[in-house]
Amino acid sequence: MGRYVIRRLLQMVPVFIGTTFLIFVMVYALGDPVAAMFGDRAPDPATAAQIRHDLYLDHPLPVQYLHYMGQIFTGNFGKAATGQPVTELMGQAFPVTLRLTLVAFAIEAVVGIGLGLLAGLRRGRFADSSVLAFTLLVVAIPTFVTGYLLQYFVGLKWGLANPAVGDGAPLGDLILPGIVLAGVSLAYVARLTRTSVAENSRADYLRTAVAKGLPRRRVVTVHLLRNSLIPVVTFLGTDIGGLMAGAVVTERIFNIHGVGYQLYQGILRQNPPTVVGFVTILVLIFLAANLLVDLLYAVLDPRIRYA
Amino acid sequence: MTVIDETAAAPGAAQTTPLLEVRDLHVEFHTRDGVAKAVNGVNYSVNAGETLAVLGESGSGKSVTAQAIMGILDMPPGRIPKGEILFQGQDMLAMSGEQRRRIRGRKIAMIFQDALSSLNPVLSVGYQLGEMFRVHQGLSRKAAKAKAIELMDRVRIPAAAERVNDYPHQFSGGMRQRIMIAMALALEPELIIADEPTTALDVTVQAQVMDLLAELQREYNMGLILITHDLGVVADVADKIAVMYAGRIVETAPVHEIYSAPAHPYTKGLLQSIPRLDRKGQELYAIKGLPPNLLHVPSGCAFNPRCPMAQDICRTEVPVLHPAGPGRGSACHFWKETLGE
């Protein structure tokens, strides 16, 4: 087990370098950050050259990348367009997004698994067809459409929730954005759970559980769900990273000043330290979530042993 | 259908009501292609301490009958349009779901064919054995585990205390089947239904598992319904045999008589298809044709298209189970001829 973790951690190094380098190249391709600082006015060439030198932009791209990485490991993520250190922005943005992600994750897990279990247990009946139709609808409509629609109807027209979520808003205010953010993943979780439950409910060991005279509730929760959730947990784990990245759209709709908001600002102002810095942290979260899932997999399914 | 007196076959069975009695049981499955009649009027009974072997090929209805007794048929598509299943004189088909659940595992237990797929892969064997005590007797986790170790010792699994936390895939096939047996025995039920308990095992292990099962049955004086297609397994342990074909019992008899003098052409065919050392070098006999499609069972005697003795009457009239001697019955129009040959 220990050796497996070490091997997995080592495998993360090239993944980390590869993704961050790609991001770096892409941000570089966005355009000239110095020109962006001056907006519409043409910068004075001497000043521009000075800024370029200060920001290490007068070197070839690979050298810039190495320089940047070297700084990251000393905790220096550079400065945002506003002059604030990027680390300071992170300190503000990540807790906000983390809260939103957790709310969305809870909705996704509880509602998704619940719907999936209901559909899987009543295969081919009304409840099953309804869940399938509902999830198809959710998957088919883009997040920004459901987001704006829910914001308009639930938030403005019916006044059931706050249409915008300010800084330090209570968790309750995050439910509506949480639903929007969870939407598509929720549909996947429901469908995955349904298939898994339907498959496992025909398994021999389930017939054994019934033959043992166990109450139905126990047959379903201990024997059926325990087995059916193995693939679902895998999906949920890897989806944590996806939710945090997906928050870009949701945060924009509900005006939440989280990771998505900062990333959006960074791209808008063509500020490489902000974009690369935030994405780097997201990559790390994604990798950590993946490792966690793989380890969890071995706990859930004793047939899997890592050496 | 005539119900013949079968009590004579049970040595030492003094009860008036049998432990389990199946009366005129019908089971059908509603499929897209029509109604498959899997069981068509089965009658049999088992007394305490007695072993009934139910013999038949796949699709003969032997397992479906067992599942109906156990109450684990998938309904729908399964349906029981007719019949009674009396356990200690009470019709289980008339009971509520909760009443039946309380009988399952506690009074009637079942052993399945493939122990690897029949045990839950993600729960330790100790948990799965202990579950019986926790659910039915309200024992604590700890006490249930101690009981589980005791049970594993009982079915002679070496180093039970160390292996109690292992998972099914960590055991060999024979050991897994012992765990299945232990699970069935846990609450000392009065009847055990073993559905092909040794089919998935090596021949040497088969004998060990069968011996263990027979020994425990004697010790606890349980009734045992042994479902199998293997005539070899039956000979040593069964008291009486019921041979099934296309959802009907075609022959019943005390175990030794059936080997020496079968009263139904199907049983005779089965016996002739066993490889024997004294017929080495000769071609092995095989019953021609295939088992019938349960959606379109042949009219008259279901076996008639494959029967070497079939006459016109066999194609039109369903034979009843004729009494063919003490404790014997044969559902063949020509049982006398078959016996006499």
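Everything numeric in this text was worked out from a predicted model, so none of it was measured.

### Brief notes about the UniProt feature "transmembrane region" (unreviewed entry) in chain A
Okay, so step 1: Residues annotated in UniProt with the feature "transmembrane region" (unreviewed entry) correspond here to residues 12-31, 98-119, 131-154, 174-192 and 275-300 of chain A.
Okay, so step 2: In the segment residues 131-154 of chain A, helix accounts for 92% and strand for 0%; the C-alpha atoms at its two ends are 22 Å apart.

### Comments concerning the nonpolar core
Okay, so step 1: Counting residues in each nonpolar core, the largest one holds 157 residues, and the members touching the most others are Ala182(B) and Ile193(B).
Okay, so step 2: Built from parts of two domains, this core gets at least three residues from each of domain 1 (2-73) and domain 2 (87-300) of chain A.
Okay, so step 3: Setting aside its immediate chain neighbours within four residues, Ala182(B) contacts Leu129(B), Leu151(B), Met152(B), Arg154(B) and Val155(B).

### What to know about the packing of helix 5 (residues 86-121) of chain A against helix 12 (residues 272-300) of chain A
Residue and element names in this part refer to chain A.
Okay, so step 1: Close contact between helix 5 and helix 12 brings their axes to 10 Å; oriented N to C, the two are set at 50°. Here helix 12 runs oblique to helix 5, going by the angle between their axes. Pair helix 5 / helix 12 crosses with right-handed handedness. The segment helix 5 lies against helix 12, with Val 86, Leu 89 and Met 90 engaging Pro 273, Thr 274, Gly 277, Phe 278 and Ile 281.
Okay, so step 2: Residues of the contact of helix 5 with helix 12, tallied by class, amount to six nonpolar, two polar and no charged.

### Quick word on the UniProt feature "domain: ABC transporter" (unreviewed entry) in chain B
Okay, so step 1: The UniProt entry lists residues 20-271 of chain B under the feature "domain: ABC transporter" (unreviewed entry), expressed in the numbering used here.
Okay, so step 2: Helix and strand shares over residues 20-271 of chain B are 40% and 28% respectively, and the end C-alpha atoms of the span are 28 Å apart.

### Focus on the sheet that holds strand 5 (residues 90-91) of chain B
Okay, so step 1: What the four strands build is an open sheet, ordered 2-1-4-5 (chain B); its pairing is antiparallel. Edge strands, defined here as strands with exactly one partner in the open sheet, are strand 2 (34-46) and strand 5 of chain B.

What counts and what doesn't
- Residues numbered from 1 in each chain as written.
- Chains lettered and ligands numbered in written order.
- Predicted model: local features only at pLDDT ≥ 70, side-chain atom pairs only at ≥ 80, totals over all residues.
- UniProt positions renumbered as here; feature names shortened; annotations may be inferred.
- Helix = DSSP H or I, 4+ residues; strand = E, 2+ residues; numbered from the N terminus.
- Core = buried A, V, L, I, M, F, W, Y, C linked by C-beta atoms within 7 Å.
- Buried ≥ 20, exposed ≤ 12 C-beta atoms within 10 Å, placed from the backbone.
- Domains from an automatic or database assignment.
- Contact = placed C-beta atoms within 7 Å.
- Axes fitted to C-alpha atoms, helices over the stretch in contact; angles between N-to-C directions.
- Parallel < 35°, antiparallel > 145°, perpendicular 65-115°, else oblique.
- Left-handed = near helix turned anticlockwise from the far one by under 90°.
- Nonpolar A, V, L, I, M, F, W, Y, C, P; charged D, E, K, R; others polar.
- Pairing = 2+ DSSP bridges.

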